[in-house]
Amino acid sequence: YNGAPFIREALESVLRQTVPPDEIIVVDDGSTDDGPTIVEELSRSRQIRLLRKANGGQSSARNLAVETCGSSHLAFLDQDDAWYENHLEVLKRPFEEGGMRNLALVYGNLDQIDRNGRMVCHGCLDTVPTPHPKRSLLDCLRHDMFILPGASLVDKAAFMNVGRFDERLSGYEDDDLFVRLFSGGYQSSYLNVSITRWRIYAGSTSYSDRMRRSRMIYFRKLLEQHPDDPLL
């Protein structure tokens, strides 16, 4: 949505992958800027599919892309972030090795950058007090998950089995999905290597009113789904 300042960089990072993706889908979530025009320009020489919809937030945009996706695994990327060139090569390895039962999620670390692309923090997940990967429901509930969609590779069948992204959420929809994957008996693998450049700035959705409202919806959802049991 309104990603004109960054969408070219994001897509070029996908196009430079050492292991190319099988398909590239971009969802225009009702943009009012030139972002879709930039995507159309790139799609003239590259296999990029552009879908358009009314603005509904990142959950509905991602779900629409997944519905039209024919691949077995999903790699997400927000408009203002960018992958390192080995992003897919690194994340697909645990799936190919087949060493974990019910593996549904492989994710990595991130380097944080500012609006202008300047480095702010290398391996920023190393600086937050939450374990990786999560091994208990308690760890999922008492910490921010800090599993970023843009640094993740997700098994599509598992994604569909647990009910996709909750479209009421425009913020914390990723935590909600990953908690449901954990509760559904799926496993995750964490690779402590930075595979994504994560752009945080004042205009990020992380600081929006929509995010604040979404946080409370997610909080109430957790209370309903995982009520406290004092005996346990």
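This section reports on the structure supplied with the text. Everything quoted here is computed from the prediction, not taken from an experiment.

### Remarks on the overall build of the chain
Thought 1: Check the secondary structure of the chain and you find eight helices and eight strands.
Thought 2: For the chain, whose C-alpha radius of gyration is 17 Å, the value lies close to the compact-globule estimate of 17 Å for 232 residues.
Thought 3: Along the longest, intermediate and shortest principal axes, the C-alpha atoms of the chain span 60 × 40 × 35 Å.
Thought 4: Across the 232 residues that make up the chain, the buried fraction comes to 47%.
Thought 5: Total accessible area on the chain stands at roughly 11800 Å², and carbon and sulfur atoms take up 50% of it.
Thought 6: Computed over 28 positive and 34 negative side-chain charges, the separation of the two mean positions in the chain equals 1 Å.

### Comments concerning the layout of surface pockets
Thought 1: Of the volumes computed, that of the second largest pocket is approximately 450 Å³.
Thought 2: When residues in the lining of the second largest pocket are grouped by element, the largest group, five residues, is from helix α8 (residues 209-225).
Thought 3: For the lining of the second largest pocket, the class distribution of residues is 13 nonpolar, two polar and four charged.

### Concerning unusual backbone geometry
Thought 1: Of the consecutive residues H132 and P133, the connecting peptide bond is found in the cis state with omega at -15°.
Thought 2: A positive phi angle, near 65°, is found at R164, a position not held by glycine.
Thought 3: Relative to the elements of secondary structure, R164 occurs in the loop between α6 (156-161) and α7 (173-183).
Thought 4: Taking relative accessible area as the criterion, R164 reaches 23% and is therefore assigned partly exposed.

Parameters and conventions
- For every chain, the first residue of its written sequence is number 1, and the numbers climb from 1 along that sequence.
- Only residues with pLDDT of 70 or above have their local features reported here, since the model is predicted, and side-chain atom pairs are shown and tallied only from 80 upward, although totals for entire chains, interfaces and linings are computed over all residues.
- Computation of side-chain values: all heavy atoms of the structure, hydrogens and water removed.
- Secondary structure elements are defined from DSSP: runs of H or I of at least 4 residues count as helices, runs of E of at least 2 residues count as strands, and each element is numbered from the N terminus.
- As a reference, a globule follows 2.2 Å times the number of residues to the power 0.38, and the radius of gyration itself is taken over C-alpha atoms.
- Remark: exposure states derive from per-residue accessible area (1.4 Å probe, protein chains only) relative to the maximum for the residue type, with buried under 20%, exposed over 50%, and partly exposed in between.
- Here the Shrake-Rupley method, with its probe set to 1.4 Å, supplies the accessible areas, and only the displayed protein chains count as covering residues.
- Counting rule for charge: Lys and Arg are taken as positive, Asp and Glu as negative, and neither His nor the chain ends is counted.
- Working definition for charges: the position is that of NZ of Lys, CZ of Arg, CG of Asp or CD of Glu.
- The pocket and cavity definitions rest on a 1 Å grid over protein atoms only: a 1.4 Å probe that fits but cannot leave marks a cavity, an open set with protein on both sides within 12 Å along at least five of seven lines marks a pocket, and residues lining either have an atom within 4 Å of a point.
- Grid points are joined across faces, edges and corners, and a volume is the space filled by probe spheres set on the points.
- We call Asp, Glu, Lys and Arg charged. Ala, Val, Leu, Ile, Met, Phe, Trp, Tyr, Cys and Pro are nonpolar, and the rest, Gly among them, are polar.

What is shown is where atoms sit, not what they do.
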